[in-house]
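Per-entry structural report
Listed below are the residues making up each chain.
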Amino acid sequence: MTSKGRRSGERWRGTAGAAAGLLAALLALGVSEVVAGLLGRASSPVIAVGGAFVDRTPRWLKELAIRSFGENDKDVLLAGVIATVLLLALAVGVLAVRHRLLGYAGVAALGVVAAAAAVTRPNADWQDALPSLSGGVAGVVALGLLLRAVRAPSARDVPAADAGHVPSDVGTFGPGTGDNGTGDGGSGVDRRRFLATAAGVGVAALGSDVVGRAAVRRLGAAASRSAVRLPAPASPAPALARGAVLQTPGVSAFFTSERDFYRVDTALTVPQVATEDWSLRVFGDVERELTLDWEQLLARPMIERDITLTCVSNEVGGDLVGTARWLGVPLGPLLAEAGPRAGADQIVSRSVDGMTIGTPTAVAMDGRDAMLAVAMNGRPLTPKHGFPCRMVIPGLYGYVSATKWVTELEVTSFAAYDAYWVKRGWAAQAPIKTASRIDTPRPFSRNRVGRVAVAGVAWAQHRGVARVEVRVDGGPWQQAQLSTAASTDLWRQWVWEWEATTPGSHKLEVRAADTDGAVQPEARETPFPEGSQGWHSVVVSVTD
């Protein structure tokens, strides 16, 4: 074989090895999805590794992900995990061509690492390791089958010691062909066999992925949710006062749809909890431990309330805020039945996925409309918003109040326990700060000379918004028209008519004051550690 032929053969062997590693990884991922679905576990390698990454991600990186990708941050993370696994698989495949045992060890190591990540997740047990381990075994087997068609060059693949005297048009295995009859061209790759094996592994990988997804769908909560019949509230939501909703184009809708309502949590896959499998346990430092199943929860008196929720990660002017009509069981009376003991100043709520959120006991029981919500905007909660049950507590940021997929309420103290976000440096108690936002005109929009409606929303949950003011280019503050106050737990829309007479660029700023008299400060603060604050501003242009 000529030196050029040997180089070509090496390239073929490298390409075949990379393809073998990639296909083995795809089959491993598919098999793990099947096993996870059959076991009813959300512990496939991608989810396990992604979850472990989330737990260990520094705060600044999480905030950057939310700012950059919003609700798509989880999809971006999962895509990154998959891309990393596949790149590692390509490298392992190339290594395996020359060092087969190291290749097997590399594939097995990926499965073991994912299994270790799975069993260290909250609420995990030994069964959570099975999907990753099963996938690892399948990957090793697939790699072995593919490597049989990728052999190291043997003495047959090179000419004898005096090969330099062989005419250039005479190949190793026949005149002018360089072919051993199996299609390897002296490359050390039995191409026909390799392609046939690769096709088989590829079909198996695709089939396992389809079966795995079907198994996950079978275990979903859609059927359970569709069977829910919501009870009528014992205390319906008060009718909105006339003027509570302004008819100003461009302003956020007063009620936020389930589709548009923000979602910020650490669950890489939305937990699927059927009502027949759900229960709530109230325990800890209480006089009486309580346990409720779904039917018992629905049998309790329900309240219906319109409440605005805000995420602590919301930046000044951000959209991680929304309003919905919630239906649920009042939390205060339920806790009173359990009887918190003296000194039990924290309620630690736990989600089915192991998330912990700490809420001040006094706030949960001070008479505000804190609830265990089962419905949103007249329909059962969707899985991504916490079906079958979640917490809603007006006036607190979500990370200390809005536990989704809630299954436990442990009565304890702040001295005894730090919840998930508190362990990561966020404030233990976080009332929502007064905020306002300009919805229209949009930043950098072009507006004609004349009257321009400057409008948006403002909120100060459980205190209420008293006034909103707007100014142009640092001039005097002008009071905006507020929508009628419907509840201190709701945002208010506002509008100010701007007589835009001067062409050019202009800066619009807004600030709000709550009913306690506190005015939004000008200086901006980032969300960490207890919520952002500062004036929202937009720059627009006016043209003739």
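Everything in this summary refers to the structure shown in the same document. Note that the structure is predicted; figures quoted are calculated from it, not measured. (Residues numbered from 1 in each chain as written. Predicted model: local features only at pLDDT ≥ 70, side-chain atom pairs only at ≥ 80, totals over all residues. Heavy atoms only, no water.)

**Concerning the overall build of the chain**
Heads up, the condition is: For the purposes of this entry, the term helix denotes a DSSP run of H or I that reaches at least four residues, the term strand denotes a run of E that reaches at least two, and both are numbered from the N terminus. Partly exposed describes any residue whose relative accessible area lies between the buried limit of under 20% and the exposed limit of over 50%, with all areas from a 1.4 Å probe on protein chains only and scaled to the type maximum.
Summing up its helical and strand segments, the chain has 11 helices and 19 strands in all. Classification of the 544 residues of the chain by burial places 51% in the buried group.

**Brief notes about the pairing of strand E2 (residues 290-293)**
The condition is simple: When DSSP finds at least two bridges between two strands, those strands are taken to pair.
The side-chain alternation of E2 yields one buried face, formed by Leu290 and Leu292, and one unburied face, formed by Thr291 and Asp293. As defined by bridge partners, strand E1 (residues 279-284) adjoins E2 across four bridges and the pair is classed as antiparallel. Within the sheet, the bridge partner assigned to Val282 lies in E2 and is Leu290. Between E1 and E2, which pair antiparallel in sequence order, lie five residues.

**Some thoughts on the side chain of Glu304**
The test is simple: Within this scheme the basic residues Lys and Arg register as positive and the acidic residues Asp and Glu register as negative, but His and the chain ends are omitted. In the sections that follow, a salt bridge refers to a side-chain nitrogen of Lys or Arg positioned within 4 Å of a carboxyl oxygen of Asp or Glu. Contact criterion: two residues are considered in contact whenever any of their non-hydrogen atoms come within 4.5 Å of each other.
If you trace the backbone, Glu304 turns up in strand E3 (residues 303-310). No salt bridge is formed by the buried Glu304, whose closest oppositely charged neighbour, Arg325, lies at an N-O distance of 4.6 Å. Not counting the four nearest positions on each side in its chain, Glu304 is found in contact with Pro233, Ser235, Pro236, Ala237, Arg325, Trp326 and Leu327.

**A short note on helix H2 (residues 45-56)**
Quick reminder of the rule: The span expected for a helix works out to 1.5 Å for each residue beyond the first.
A rise of 1.5 Å per residue sets the reference length of H2, with its 12 residues, at 16 Å; its end C-alpha atoms lie 17 Å apart and thus fit the reference within 8%. Within the sequence span of H2, burial applies to Pro45, Val46, Ile47, Ala48, Gly50, Gly51, Ala52 and Val54.

**Considering unusual backbone geometry**
With an omega of 10°, the peptide bond running from Phe387 to Pro388 counts as cis. Within the element layout of this structure, Pro388 appears in the loop between strand E8 (379-380) and strand E9 (390-392). For the peptide bond that leads from Thr440 to Pro441, omega is 0°, which places it in the cis range. Position of Pro441 among the secondary structure elements: in the loop between strand E11 (435-440) and strand E12 (446-448). For His462, which is not a glycine, the phi torsion comes out positive at approximately 70°. Mapping His462 onto the fold places it in the loop between strand E13 (450-459) and strand E14 (465-472).

**Details of the packing of H2 against helix H5 (residues 100-119)**
Heads up, the rule is: Throughout, an axis means a line fitted to C-alpha atoms (over the contacting stretch in the case of helices), and angles, computed between N-to-C directions, take values from 0 to 180 degrees. Any angle from 65 to 115 degrees is called roughly perpendicular, while one under 35 is roughly parallel, one over 145 is roughly antiparallel, and all others are oblique. With the far helix as reference, a near helix turned anticlockwise by less than a right angle produces a left-handed crossing, and one turned clockwise produces a right-handed crossing.
Their axes nearest at 8 Å, the elements H2 and H5 cross at an angle of 60°. In this view, H2 runs oblique relative to H5, as classed from their interaxial angle. For the element pair H2 and H5, the recorded crossing hand is left-handed. Contacts between H2 and H5 involve Pro45, Ala48, Val49 and Ala52 from the first element and Ala114, Ala117 and Ala118 from the second.

**Examining the sheet that holds E12**
The five strands are arranged E12-E19-E18-E14-E15 in an open sheet whose pairing can be described as mixed. In this open sheet, the two strands that pair with only one neighbour each are E12 and strand E15 (478-479). Pairing of E14 with E15, which is carried by two bridges, proceeds in the antiparallel orientation. The residue bridging Glu469 from the neighbouring strand is Gln479, located in E15.

**Here we look at the environment of Ala430**
Here Ala430 shows up in the loop between strand E10 (406-412) and E11. Separated by 99 residues in the primary sequence, Ala430 and Pro529 have C-alpha atoms spaced 8.9 Å apart. Beyond its immediate chain neighbours, meaning those up to four positions away, Ala430 contacts Gly395, Leu396, Tyr397, Tyr399 and Val400.

Nothing here speaks to function; it is geometry throughout.
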